[in-house]
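Reading the structure
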Amino acid sequence: MTLLETVVVAFWAMLPAYVPNNAAVLAGGGRPIDGGRTWGDTRVLGDGKTWRGTAMGIFAGLALAAVLTVLAPAVSDALGFDVPEFEPLAAVGLAAGAMLGDILASFLKRRTGRQRGAMFPGLDQLDFVVVSLPLTALLATDWFRAVFTWNVILVVVVVTPILHVSTNMIAYKLGLKNEPW
Ligand code: CTP
Ligand code: K
Ligand code: MG
C-alpha cells in the first residue's frame, strides 16, 4: 500500500471509533453515568459522561459502520484499492471501545484532580484509540489482523490527534463544545 492508501484505509477503519465522541457531544445531557456519586471528594466520572451521550455515541458508531459496509465495494472500485467492510463485532469493538476509552479517561482525570472539562494533553486525543483497538482485536481478531496492519496502526496514532484537535476546535467555534479540546 502507498502512504496515501494507508491513510485512507486508517481513516475509513477508524470512522466508527471517531464518530461516537462527536455524537456524544451533540446528544449529551441528562443523567450522569456515575449518578452523582463521588470517590473521595471528587466525582467518579463527572457530569460530562451521561447515559444518553454514551448510548447515542455507540449507536452513531454502529450505524456508520453499517453504512460504510454497504458503501465499501463501490468505494473500493472507485479508488482502485480496498477499503474494509465491518464485521458486526468489529463495529461493536470500535464504537463501544471509543466510548469506554473516553469514560476511563474521565475517571483518570477526576482521580488526578482535574475538573470536568479540564484538558489532559495526550489522553484527550488518544483515549478512545487506546481502548477501541484492543477491544476490537479481542472481539474480531481475524478482521482486526487483516485491517489494522502495523502501518495502519502507526498512521492512526499519528493522524488521530491532528483530527481530534481540529474537529474539537471546530465544535468549539460552532458553540457545540465548551472547551476547544
Ligand atoms: N458527553 C456525554 N457522554 C459521554 C461523553 C460526552 O454526554 N459519554 C457529552 C457531555 O455533554 C460532555 C460533552 O459531550 O460535556 C463533551 O465531552 P467531553 O469533552 O468528553 O467531556 P467533558 O465535559 O470535557 O468532561 P471530562 O472532563 O470528563 O472529559
Ligand atoms: K474526552
Ligand atoms: Mg472535554
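The present account deals with the structure reproduced in this document. (Residues numbered from 1 in each chain as written. Chains lettered and ligands numbered in written order. Predicted model: local features only at pLDDT ≥ 70, side-chain atom pairs only at ≥ 80, totals over all residues. Heavy atoms only, no water.)

Overview of the side chain of D102
One can find D102 in helix α3 (residues 88-111). A relative accessible area of 17% places D102 in the buried class. At 2.8 Å, the side chain of D102 and the side chain of K49 are in polar contact. (Helix = DSSP H or I, 4+ residues; strand = E, 2+ residues; numbered from the N terminus. Buried < 20%, exposed > 50% of the residue type's maximum accessible area, 1.4 Å probe, protein only. Polar contact = N/O pair within 3.5 Å; in protein donor to acceptor, adjacent residues only side chain to side chain.)

Re the environment of L64
Relative to the helices and strands, L64 is located in helix α2 (residues 51-79). Sequence spacing of L64 and V158 is 94 residues, and the spatial spacing of their C-alpha atoms is 23 Å. Sequence-distant contacts of L64, defined by excluding residues within four places in its chain, comprise L15, P16 and V19. (Contact = heavy atoms within 4.5 Å.)

Notes on the site of ligand 1
For ligand 1, the set of nearby residues contains 18 residues, the closest of which are K49, T50, S106, R110 and R116. Contact distances for ligand 1 include 2.6 Å between an oxygen atom and a side-chain N or O atom of T50. In the model, an oxygen atom of ligand 1 is placed 3.3 Å from a nitrogen or oxygen of the D102 side chain. Isolated, ligand 1 exposes 560 Å² of accessible area, and the fraction of that covered by the protein chains is 89%. If you map ligand 1 onto the pockets, it falls in the largest pocket. For the shell around ligand 1, the elements supplying multiple residues, two or more each, are α1 (3-27), α2 and α3. Ranked by residue count, the leading element in the shell around ligand 1 is α3, at 4 residues. Split by residue class, the shell around ligand 1 holds 2 nonpolar, 9 polar and 7 charged. (Near = heavy atom within 4 Å. Areas by Shrake-Rupley, 256 points an atom, 1.4 Å probe, with all protein chains shown as cover. 1 Å grid on protein atoms, 1.4 Å probe; cavity = no way out; pocket = protein on both sides within 12 Å on 5 of 7 lines; lining within 4 Å. Sits in = over half its atoms within 2 Å of the grid points. Nonpolar A, V, L, I, M, F, W, Y, C, P; charged D, E, K, R; others polar.)

Description of a nonpolar patch on the surface
A surface patch of nonpolar side chains, amounting to about 490 Å² of accessible area, comprises V25, L26, I170, L174 and L176. If you trace the backbone, L26 turns up in helix α1. L26 gets classed as exposed once you look at its relative accessible area, which sits at 62%. (Patch = residues over 30% accessible without salt bridge, like charges linked within 9 Å, V, L, I, M, F, W, Y side chains within 5 Å. Salt bridge = Lys/Arg side-chain N within 4 Å of Asp/Glu carboxyl O.)

That's the geometry; what it means functionally is another story.
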